[in-house]
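So the chains spell out like this:
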Amino acid sequence: AQSVTQLGSHVSVSEGALVLLRCNYSSSVPPYLFWYVQYPNQGLQLLLKYTSAATLVKGINGFEAEFKKSETSFHLTKPSAHMSDAAEYFCAVRAPAGKSTFGDGTTLTVKP
Amino acid sequence: ETGVTQTPRHLVMGMTNKKSLKCEQHLGHNAMYWYKQSAKKPLELMFVYSLEERVENNSVPSRFSPECPNSSHLFLHLHTLQPEDSALYLCASSQETQGSTEAFFGQGTRLTVV
């Protein structure tokens, strides 16, 4: 069985501040991990994914995430928030032979 | 066109109507999915197709009927829906149903049942 928990359904940061969106997972086997972004009235778009290669994964739009097995975490970060980063972010976990399980999502608000 | 395309983008239907949602992918993927996204609820996986064969049906009411005529097209036929079925319906595709391949999503159909 697998599950994913996103801590904080809403995160608000000022423009230029650090963005940190938290994701913890549970999986009985080494998982694949994904972050997706959803802009209003759009589908989900892949930001980055972890596939057991490098533990620090870089994605699009300046985002990156670090896989920490000991903490079962895959937090998403961006050094400096931009207004265009305002969106909903989803973490997902997938066992190698299974389907994806999505977190409940975190809405990121960026204040000017 | 490229990616995953869903039509229509918006749909308003009465509870006695019959309508269909269409999804088309131009990525050469083998797997296609229907998800339901309701306000303040997690993303719900409804159906999974692999090479045109339904491999998963997550206890979805029979008023939702999927159809996958080929690996590029996926439909969701709707009939006698309820107001609580109002949601954003997302189609997605991936290379396979397993492994490290990510899902590519369409823009969704915003469905309102009146």
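Residues numbered from 1 in each chain as written. Chains lettered and ligands numbered in written order. Predicted model: local features only at pLDDT ≥ 70, side-chain atom pairs only at ≥ 80, totals over all residues. Heavy atoms only, no water.

**Concerning the overall build of chain A**
And step 1. Looking only at helices and strands, one finds zero helices and eleven strands in chain A.
And step 2. Over its C-alpha trace chain A gives a radius of gyration of 13 Å, about what one expects of a compact globule, namely 13 Å for 112 residues.
And step 3. In terms of principal-axis extent, the alpha carbons of chain A reach across some 40 × 30 × 20 Å.
And step 4. Contacts spanning at least 24 positions in sequence make up 56% of the contacts within chain A whose residues lie at least 6 apart. (Helix = DSSP H or I, 4+ residues; strand = E, 2+ residues; numbered from the N terminus. Rg over C-alpha atoms; globule rule 2.2 N^0.38 Å. Contact = heavy atoms within 4.5 Å.)

**Points about the overall build of chain B**
And step 1. Scanning chain B for helices and strands turns up zero helices and eleven strands.
And step 2. Along its sequence from the N terminus, chain B presents helices and strands in the succession β-β-β-β-β-β-β-β-β-β-β.
And step 3. Taken over the C-alpha trace, chain B has a radius of gyration of 13 Å; the compact-globule value for 114 residues is 13 Å, and the two agree within 12%.
And step 4. Taking the principal axes of the C-alpha coordinates as reference, chain B spans close to 40 × 30 × 30 Å.
And step 5. Counting all 114 residues of chain B, 47% fall into the buried class.
And step 6. Residue pairs at least 24 apart in sequence account for 53% of intrachain contacts in chain B once pairs closer than 6 positions are excluded.
And step 7. As displayed, chain B offers around 5400 Å² of accessible surface, 48% of which is attributable to carbon and sulfur atoms.
And step 8. Side chains of chain B give 10 positive and 11 negative charges; the mean places of these two sets differ by 12 Å. (Buried < 20%, exposed > 50% of the residue type's maximum accessible area, 1.4 Å probe, protein only. Areas by Shrake-Rupley, 256 points an atom, 1.4 Å probe, with all protein chains shown as cover. Lys, Arg positive; Asp, Glu negative; His and termini not counted. Charge placed at Lys NZ, Arg CZ, Asp CG, Glu CD.)

**Focus on the side chain of B:Lys36**
All names here are of chain B.
And step 1. Note on placement: Lys36 falls in strand S4 (residues 31–37).
And step 2. Among buried charged residues, Lys36 stands out as having no salt bridge; its nearest opposite-charge side chain is Asp85, 4.2 Å away.
And step 3. Only 3.3 Å separates the side chain of Lys36 from the backbone oxygen of Glu84, close enough to count as a polar contact.
And step 4. The residues touching Lys36, leaving out its near neighbours within four places in the chain, are Pro42, Leu43, Glu44, Met46, Glu84, Asp85, Ala87, Leu88 and Tyr89. (Salt bridge = Lys/Arg side-chain N within 4 Å of Asp/Glu carboxyl O. Polar contact = N/O pair within 3.5 Å; in protein donor to acceptor, adjacent residues only side chain to side chain.)

**Let's talk about the interface of chain A and chain B**
And step 1. Across the contact, 19 residues belong to chain A and 24 residues belong to chain B.
And step 2. A combined buried area of about 1600 Å² lies between chain A and chain B, and 46% of that area is made up of carbon and sulfur atoms.
And step 3. Counting every contact that joins chain A to chain B gives two salt bridges.
And step 4. Note that B:Glu56 and A:Lys99 form a salt bridge whose closest N and O atoms lie 2.8 Å from each other.
And step 5. Where chain A meets chain B, there are eleven residue pairs in polar contact (both at pLDDT 80 or more). (Buried area = accessible area lost by both parts, 1.4 Å probe.)

**Some remarks on the environment of A:Ser70**
And step 1. For A:Ser70, the location among the structural elements is in the loop between strand S7 (64–68) and strand S8 (73–78).
And step 2. Sequence separation between A:Ser70 and A:Ala87 is 17 residues; the distance between their C-alpha atoms is 29 Å.

**As for unusual backbone geometry**
And step 1. Residue B:Pro8 is reached from B:Thr7 by a cis peptide bond, and omega for that bond is -10°.
And step 2. Inspection of the secondary structure assignment puts B:Pro8 in the loop between strand S1 (4–7) and strand S2 (10–13).
And step 3. Non-glycine residue A:Asn61 carries a positive phi angle of around 60°.
And step 4. Within the element layout of this structure, A:Asn61 appears in the loop between strand S6 (56–58) and S7.

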